Each structure stands twice: as structure tokens, then as C-alpha cells.
Amino acid sequence: MHVEFVAGFGPITRDDAAAGTFWADALGISFAEVAPGYFSTDELPGARAFARWPLAQAAQATFGRPEWPADRPVPQAWIELDVQSVQAVADAVAELRGAGHDVLVDAHDEPWGQTSARLQSPEGLLVGITYTPWMHRET
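Parameters and conventions
- Residues numbered from 1 in each chain as written.
- Predicted model: local features only at pLDDT ≥ 70, side-chain atom pairs only at ≥ 80, totals over all residues.
- Heavy atoms only, no water.
- Helix = DSSP H or I, 4+ residues; strand = E, 2+ residues; numbered from the N terminus.
- Rg over C-alpha atoms; globule rule 2.2 N^0.38 Å.
- Buried < 20%, exposed > 50% of the residue type's maximum accessible area, 1.4 Å probe, protein only.
- Contact = heavy atoms within 4.5 Å.
- Areas by Shrake-Rupley, 256 points an atom, 1.4 Å probe, with all protein chains shown as cover.
- Lys, Arg positive; Asp, Glu negative; His and termini not counted.
- Charge placed at Lys NZ, Arg CZ, Asp CG, Glu CD.
- Pairing = 2+ DSSP bridges.

Novice: Please set out the overall build of the protein residue by residue, giving values where relevant.
Specialist: From N to C terminus, the protein includes 4 helices and 8 strands. Going from the N terminus to the C terminus, the protein shows its helices and strands as β-α-β-β-β-α-β-α-β-β-β-α. On C-alpha atoms alone, the protein measures out to a radius of gyration of 15 Å, which is about the 14 Å that the 2.2 N^0.38 rule sets for 139 residues. Based on the C-alpha atoms only, the size of the protein along its principal axes is roughly 45 × 40 × 25 Å. Counting all 139 residues of the protein, 44% fall into the buried class. Counting contacts in the protein only where the partners sit at least 6 residues apart, residues at least 24 apart contribute 55% of the total. Accessible surface for the protein amounts to roughly 7,500 Å². Of this, 55% is attributable to carbon and sulfur atoms. Taking the average place of the 8 positive charges on the side chains of the protein and the average place of its 19 negative ones, the gap between the two points comes to 3 Å.

Put into C-alpha cells, the structure is as follows:
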């Protein structure tokens, strides 16, 4: 697998008001609510995307329900590692599985045009292997 760049990173939040107070008010990061409860910015230097992702939304996107499974570490953050193509996402899934890693979500097309797969690192970080077409046009 060849990772091209970090497509995005951010905290997984449980309390939206506290997250807004800390990330936006205390640290001065301007976010836009790009989906209900999902606050993101593409304007933070050094990050293609930085977003506050509610735990219920992360659970829904990963497990198809808004509750995080009790048998998995609850992630405090997410990261997306972008690869060079849609096929490279599927190839990465096969490589990761072949190495014994538990892939939580197979490669699939997201409604917004990104291809993604998800797994969890040993530390509990929610890791996406992605292909984000509009970010490749910038490189």
C-alpha cells in the first residue's frame, strides 16, 4: 500500500457544545456545519480536512447504528489516509486483511464521492483508507 497523503484528521466528539467551545472558541478554528452535527474546515494549514465527527455518526458510518460497540475501544480521533485510486482502496483492504488486521468496513463509495474503508488501530484510532478524488486534483 502506498499512502499519498493524510486526507483528514480530527477528534471524535461526544459533547458538541464542549467540542465547539474548545476547538472553535478556545483554539480559534473556524468550522462550517457541512452535514447535521458534522463540523469541518478545509482552511486549516497543514491539513486537507480537519473535522469534529460525533461518535454516533462515526458508529453509524462504521457499524450501521449510532451506538459504538461495547467490545471495541471507543475512538477519540479519526484519520483518513488517501491512496492513489479507487482500486488502491480495495487492494489495501486485501493487504490489511492478509496481514491479519480486522477491517471494519470494506471499500465502498460514499454518497459525497469518496471511496473509503475503515479499521481501528491498536490504540483505538479510527483509520480510513480512502480515495478522495477532489483532493488529488490539488496535487
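Novice: I'd like a description of the pairing of strand S3 (residues 38–41), backed by residues and values.
Specialist: Going residue by residue along S3, you find Tyr38 and Ser40 tucked away on one face and Phe39 and Thr41 tucked away on the opposite face as well. Bridge count between strand S2 (residues 32–35) and S3: 3 bridges; the pairing is antiparallel. Pairing of Glu33 across the sheet is with Phe39, part of S3. Counting the residues in the hairpin turn of S2 and S3 gives 2 residues, including Gly37, whose phi is positive at 80 degrees. As paired elements, S3 and strand S4 (residues 50–54) share 3 bridges and run antiparallel to each other. Bridge assignment links Phe39 to a residue of S4, and that residue is Arg52.

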